[in-house]
Amino acid sequence: MFGLWRTFSNVVFYLTLAVGLGGLVGNGLVLWHLGFHIKKGPFSIYVLHLAAADFLFLGCQVVFSIVQAALGSQDTLYLVVTFLGFATGLWLLAAFSLERCVSEIFPACYASCRPRHTSGVVCGLLWALTPPAVLLPAHACGLLRGSAWPLACLRYQAASVTWLLALACVACVAGLVLFLWVACCSQRPRPRFYGAVLGSGLLLLFCGLPYVLYWALRPLLHFLLPVFPPLATLLACVHAGSKPLVYFTAGRQPGKREPLRAVLQRALGDGAQLGPVGLSLPMNPL
């Protein structure tokens, strides 16, 4: 039994490492092209910050996994730092999905009432609000190498789990409403970022929520279901690392071979003209 558990742990560890490294490359390409080569609009700013949050999460996860494997010990501080990137991405995904849904259902009101720099201000606020929202319950529960206060830990953790699940519900429900609106009610062409919103929502539902449960019930899961934490971490890496594939899939045209920048421009840009192109992406049908 011990040998089987050791084999399982090694397999999950190397899978997590591989997915994390692949996700770093994908999100790095999104950051590079969207940050320097593609004209940014209100929604692509959300995607840029979301890619940065996913890059932070995956980078911390890869580095801390290697450190833990080398030292042979685990530190709760690693989980807290890593979860900061995950929680920031969850905030950003909820804001992005909700705003895209509202802009499609109420286009006239959205265009006339939305301030110009809303996306940048919202992203900045979310980056600023996430650390206290994560660090306060972590400090109360003794995850920052300090003593724990059980009652304060329970209150802070309940509040933390509540807002995390609320954000997940906002992202998933907004994606579902957008899908139903486009499929059943809207007479306009499929909106830009439609595939990105739906794909990111599905990834969150199936791959991101287990990591939220791990954060909420960490001591209990380590004791009752030790197989769950490594699997939740692997799924969280899939959640963060697969978003670039969603963008590439949304922007590609089957049967054509196009530069990578053109694919990302179609999926994430706002109609700007492309400059000189660089990397190419094979576009053969799967």
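Preceding this paragraph is the structure being described.
Just so it is clear, the model here is predicted, and its values are computed rather than measured.

1. Considerations on helix α7 (residues 194-216)
Along its 23 residues, α7 runs 31 Å from first to last C-alpha, staying within 8% of the 33 Å computed at 1.5 Å per residue. The largest bend in α7 amounts to roughly 45 degrees and is located at glycine 208, with the proline proline 210 lying one to four residues further along. Within α7, 17 of the 23 residues are buried, which leaves the element mostly enclosed by the surrounding structure.

2. A word on the packing of helix α6 (residues 150-185) against α7
Two elements in contact, α6 and α7, have axes whose closest approach is 9 Å; the angle formed by their N-to-C orientations is 160 degrees. Here α6 lies roughly antiparallel to α7, going by the angle between them. Viewed along their axes, α6 and α7 form a crossing whose handedness is left-handed. Contact residues: α6 offers Gln157, Ser160, Val161, Leu164, Leu165, Ala168, Ala171, Cys172, Gly175, Leu178, Phe179 and Val182, while α7 offers Tyr194, Val197, Leu198, Gly201, Leu204, Leu205, Leu209, Val212, Trp215 and Ala216.

3. Concerning the pattern of salt bridges
Summed over all chains, the structure comprises three salt bridges. Measuring nitrogen to oxygen at the nearest pair gives 2.4 Å for the salt bridge that ties glutamate 99 to arginine 114. Linking glutamate 99 in helix α3 (residues 76-105) with arginine 114 in the loop between α4 (107-113) and α5 (118-140), this pair joins segments that are 15 residues apart in sequence. There is no split in this pair, since glutamate 99 and arginine 114 are both buried. Residue arginine 100 pairs with glutamate 104 through a salt bridge whose shortest N-O separation is 4.0 Å. Placement of the pair is arginine 100 and glutamate 104 together in helix α3, with a separation of four residues, close to one helical turn.

The rules behind the values
- Residues numbered from 1 in each chain as written.
- Predicted model: local features only at pLDDT ≥ 70, side-chain atom pairs only at ≥ 80, totals over all residues.
- Heavy atoms only, no water.
- Helix = DSSP H or I, 4+ residues; strand = E, 2+ residues; numbered from the N terminus.
- Expected span 1.5 Å × (residues − 1).
- Bend = angle between axes of the 7 residues up to and from the residue.
- Buried < 20%, exposed > 50% of the residue type's maximum accessible area, 1.4 Å probe, protein only.
- Axes fitted to C-alpha atoms, helices over the stretch in contact; angles between N-to-C directions.
- Parallel < 35°, antiparallel > 145°, perpendicular 65-115°, else oblique.
- Left-handed = near helix turned anticlockwise from the far one by under 90°.
- Contact = heavy atoms within 4.5 Å.
- Salt bridge = Lys/Arg side-chain N within 4 Å of Asp/Glu carboxyl O.

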